Amino acid sequence: MQQLIETTASLLATAKSVVVFTGAGVSKESGIPTFRDAQEGLWANYDPQTLATPEGFAANPPLVWQWYEWRRQKVRDVKPNAGHIAIVELSTKVPELRVITQNIDGLHARAGSKDVLELHGSIARHYCFDEQHPADDVPDGLDEPPLCWCGSMLRPAVVWFGESLPGKVLGDAFRLSKECDLMFVVGTAGVVYPAASLPYIAKDAGAKVVEINPEPTPITDIADVFLPGYSGHVLPQIVTTFEKITGSHP
Ligand code: BJW
């Protein structure tokens, strides 16, 4: 493993433009269940792939609203972990680093990452189901969706299956993936599209791909380096090794 970390640190030492593409695994060590794990307790009998659809919301608005309230509460109660913080540290040591995340939890920004591209929206914001009017200051703890001024139900500002990703964010993510020379793929199962296409775009354009995940994924096949492990453990080791080989101790 140390050899793989050293190889990764050497790639970083020559990289001019780095993208860190993350999924639910990067927040796991903060105590946020991964998307596929988000079926704890009360939610054990529900399929997240059904809850996270416009059809699921239309069929049972209070159920989907309460699932997101439960997750919003969890997000509020936790802190960024060593993995999120290591990404911020790395951003101070390379010419350019951007975070592209599928996560809706806002933990990269809370750790200090700037200009994070949130492909799947944010659990902290809301808009209405029918007209997409944004809504501020939605109270906590409601059992069912409150109504917008137009009468439509409010919903979380996240991207559900079958919905389009925000166009500008997705366009920027495609561009950065084409232009980077090193992409880290951290804590994603790599099966939800179009997000999962980003590592392939980077690879096809000539970037090196480093994957961090305790389990192999479809992306492992194209990874130049696969680091099996937890991001909160592996990312800080990369920072320390990078500092050693470049003499860039703080
Ligand atoms: C650790 C760890 C630790 C654990 N450290 N790692 C092309 C082909 C096939 C299908 C499609 C396609 N293009 C579009 C589609 C349809 C669909 C899709 O992709 N379906 C697939 C399931 C097949 N995509 C869409 O519908 C998208 N819209 C779209 O494309 O519109 C146009 C269109 C529509 C319909 C047809 C065609 C075109 C929208 C996708 C929106 C996804 N939204 C969600 C919900 C957001 C809100 C919420 O969170 O509730 O986003 S789904 C869910 O998956 C969530 C996540 O962001 C996303 C990715 O999940 P992620 O991050 O990979 O998490 P997990 O839980 O799956 O995996 C965790 C990983 O971490 C694991 O690998 C662990 O091993 C690892 N891990 N601990 C590091 N400590």
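What counts, and where the lines are drawn
- For every chain, the first residue of its written sequence is number 1, and the numbers climb from 1 along that sequence.
- Totals for whole chains, interfaces and linings use every residue, but because this is a predicted model, local features are given only for residues with pLDDT of at least 70 and side-chain atom pairs only at 80 or more, for both listing and counting.
- Here the side-chain values reflect all heavy atoms present in the structure, with hydrogen atoms and water set aside.
- In this analysis an axis means a line fitted to C-alpha atoms, helices contributing only their contacting stretch, and an angle means the value between N-to-C directions, from 0 to 180 degrees.
- Think of it this way: any DSSP run of H or I at least four residues long counts as a helix, any run of E at least two long counts as a strand, and we number them from the N terminus.
- Geometric relationships in this document are graded by angle, where less than 35 degrees denotes roughly parallel, more than 145 denotes roughly antiparallel, 65 to 115 denotes roughly perpendicular, and other angles denote oblique.
- Crossing handedness is read from the near helix: turned anticlockwise from the far helix by less than a right angle, it gives a left-handed crossing, and turned clockwise, a right-handed one.
- Only heavy atoms enter the contact rule, under which two residues are in contact if any of them lie within 4.5 Å.
- The classification used treats Ala, Val, Leu, Ile, Met, Phe, Trp, Tyr, Cys and Pro as nonpolar, Asp, Glu, Lys and Arg as charged, and all other residues, Gly among them, as polar.
- Only Phe, Tyr and Trp rings take part, Trp by its six-membered ring, and two of them pair if their centres are within 6.5 Å. Stacked means planes under 30 degrees apart, edge-to-face means over 60, and tilted covers everything else.
- Any Lys NZ or Arg CZ that is within 6 Å of a ring centre and within 35 degrees of that ring's normal is treated as a charge sitting over the ring.
- For a helix, the expected span equals 1.5 Å multiplied by the number of residues minus one.
- Exposure classes here rest on a 1.4 Å probe applied to the protein chains alone. A residue is buried below 20% of its type maximum, exposed above 50%, and partly exposed in between.
- When DSSP finds two or more bridges between a pair of strands, those strands are recorded as paired.

**Some thoughts on the packing of helix 6 (residues 82-91) against helix 10 (residues 231-246)**
Packed helices, taken two at a time, are described by the angle between their axes plus the distance between the axes.
So, step 1. Packing of helix 6 against helix 10 brings their axes to within 7 Å, and their N-to-C directions diverge by 25°. Classified by the angle their axes make, helix 6 and helix 10 are roughly parallel. Like other packed secondary-structure pairs, helix 6 and helix 10 cross with a definite hand, here left-handed. Facing helix 6, whose interface residues are Ala-82, Gly-83, Ala-86, Ile-87, Glu-89 and Leu-90, helix 10 presents Ser-231, Gly-232, Leu-235, Pro-236 and Val-239.
So, step 2. Looking at the contact of helix 6 with helix 10 residue by residue, the classes come out as seven nonpolar, three polar and one charged.

**Topic: the packing of aromatic side chains**
So, step 1. Summed over all chains, the structure comprises six aromatic pairs.
So, step 2. The interplanar angle of 70° and the centroid separation of 6.5 Å between the aromatic rings of Phe-35 and Phe-161 together place this pair among those described as edge-to-face. Of this pair, Phe-35 sits in the loop between helix 2 (25-28) and helix 3 (48-51) while Phe-161 sits in the loop between strand 6 (154-158) and helix 8 (167-179), and the two are 126 residues apart along the sequence.
So, step 3. Site record: aromatic cluster; members linked through ring pairs are Phe-35, Phe-57, Trp-67, Tyr-68, Phe-129, Trp-160 and Phe-161.
So, step 4. If you follow Arg-71 out to its NZ or CZ, it ends over the ring of Trp-67, 4.3 Å from the centre.
So, step 5. Sitting over the face of the ring of Trp-160, Arg-155 holds its NZ or CZ atom 3.8 Å from the ring centroid.

**Concerning helix 10**
So, step 1. Compared with the 22 Å implied by 1.5 Å per residue over 16 residues, the 22 Å span of helix 10 between its first and last C-alpha is a close match.
So, step 2. Ser-231, Gly-232, Val-234, Leu-235, Ile-238, Val-239, Thr-241, Phe-242 and Glu-243 are the residues of helix 10 that are buried.
So, step 3. For helix 10, the secondary structure elements touched by its buried residues are helix 1 (2-14), helix 2, helix 6, strand 7 (182-186), strand 8 (208-213) and strand 9 (225-228).
So, step 4. Looking at the residues trailing helix 10, positive phi occurs at Gly-247, about 65°.

**Considering the sheet that holds strand 2 (residues 96-101)**
So, step 1. The six strands lie next to each other as 3-2-1-7-8-9, forming an open sheet whose pairing is parallel. Only two strands of the sheet have a single partner each, and these edge strands are strand 3 (117-118) and strand 9.
So, step 2. Bridging between strand 7 and strand 8 involves five bridges; their strand directions are parallel. Opposite Val-186, over in strand 8, you have Ile-212 as the bridge partner.
So, step 3. Along the sheet, helix 1 contacts strand 1 (17-22), strand 7, strand 8 and strand 9; its crossing angle with strand 9, the most-contacted strand, is approximately 130°.
So, step 4. Running over the sheet, helix 10 touches strand 7, strand 8 and strand 9 and is turned about 135° from strand 8.

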